[in-house]
Amino acid sequence: MNIALINEMHQLYTSIGINTNDVIEAASTKWNFMKLIPGMVGGHCISIDPYYLMHKSEISGYSPNLMRTARKINDEMHEWVLRDFIRYMDQMNIDLESTEITVFGYSFKENCSDTRNTKVKNLLLSMRDYKIKFQLWDPLIFDHDHKELNALGIKTLKDEPKNIKVVLLCVKHTQFEDFLKKFNGVLYDYKTPLE
């Protein structure tokens, strides 16, 4: 629920031109503030386990509206990311029909190879449905992940990409830091508000 709240605040702040990170940093000066950042929530604990509790709750006759709403916000975060990415590409005068996007990061969290329930997969499938040309680079994922994605028609890279123009940063692994420092193309990081 806390992550759903920060995701909703991030969507709101982005829509009205407020820097979410500035708000988080200002709020963290309060001694009891719980510092969370927006994200596409994957893995098992946060993205799956609440459904067990909601199911048990429904059986008992109680409707957990707040939990249901929180899950809906988090489950749909990839759709907001895609809309905001398309808006930003339009703002940057990037023609999505002629430009191949390179998506950085596929695992469900930073510096981790675990791809269980990664919401980046939902984003990639939505991008494919929108006919956006893209390739994926995540140096931490395993061969079986590459095979699964390739079977879905998603092009994956095993080596550092060359000559790319647009990066959509989904999962900020430390392995990307050096590349991004020297990258001079267009970077979209949905966790960092853009002009």
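Everything here concerns the structure above.
In this text the structure is predicted, and so the values were computed from the model without any measurement.

Engineer: So what exactly am I meant to see when it comes to the pairing of strand β2 (residues 134-137) here?
Structural biologist: Side-chain direction in a regular strand flips from residue to residue, so the side chains alternate between the two faces of the sheet. Side chains Phe134 and Leu136 of β2 all project onto a buried face; the interleaved residues Gln135 and Trp137 project onto the opposite face, where all are buried too. Between strand β1 (residues 101-104) and its parallel partner β2, the chain crosses via helix α6 (residues 119-129), and the hand of that crossover is right-handed. Sheet topology places β2 next to strand β3 (residues 155-157); three bridges connect them, and they run parallel. In the sheet register, Trp137 faces β3, and the bridge partner there is Leu157.

Engineer: Sorry, what's going on with the pattern of salt bridges here?
Structural biologist: Between side chains of opposite charge, a pair can form when the charged atoms approach closely. A full pass over the atoms with the stated rule returns 13 salt bridges. In this structure, Lys119 and Asp75 form a salt bridge, with 4.0 Å as the shortest nitrogen-oxygen distance. Residue Lys119 is found in helix α6, and its partner Asp75 is found in helix α4 (residues 65-75); the two are separated by 44 residues along the sequence. When its relative accessible area of 23% is taken as the criterion, Asp75 is described as partly exposed. Its salt-bridge partner being Asp143, residue Lys158 comes within 2.8 Å of it at the nearest N-O pair. Linking Lys158 in the loop between β3 and β4 (166-169) with Asp143 in helix α7 (residues 143-151), this pair joins segments that are 15 residues apart in sequence.

What counts as what
- Residues numbered from 1 in each chain as written.
- Predicted model: local features only at pLDDT ≥ 70, side-chain atom pairs only at ≥ 80, totals over all residues.
- Heavy atoms only, no water.
- Buried < 20%, exposed > 50% of the residue type's maximum accessible area, 1.4 Å probe, protein only.
- Helix = DSSP H or I, 4+ residues; strand = E, 2+ residues; numbered from the N terminus.
- Right-handed = clockwise from strand over helix to strand, strands pointing away.
- Pairing = 2+ DSSP bridges.
- Salt bridge = Lys/Arg side-chain N within 4 Å of Asp/Glu carboxyl O.

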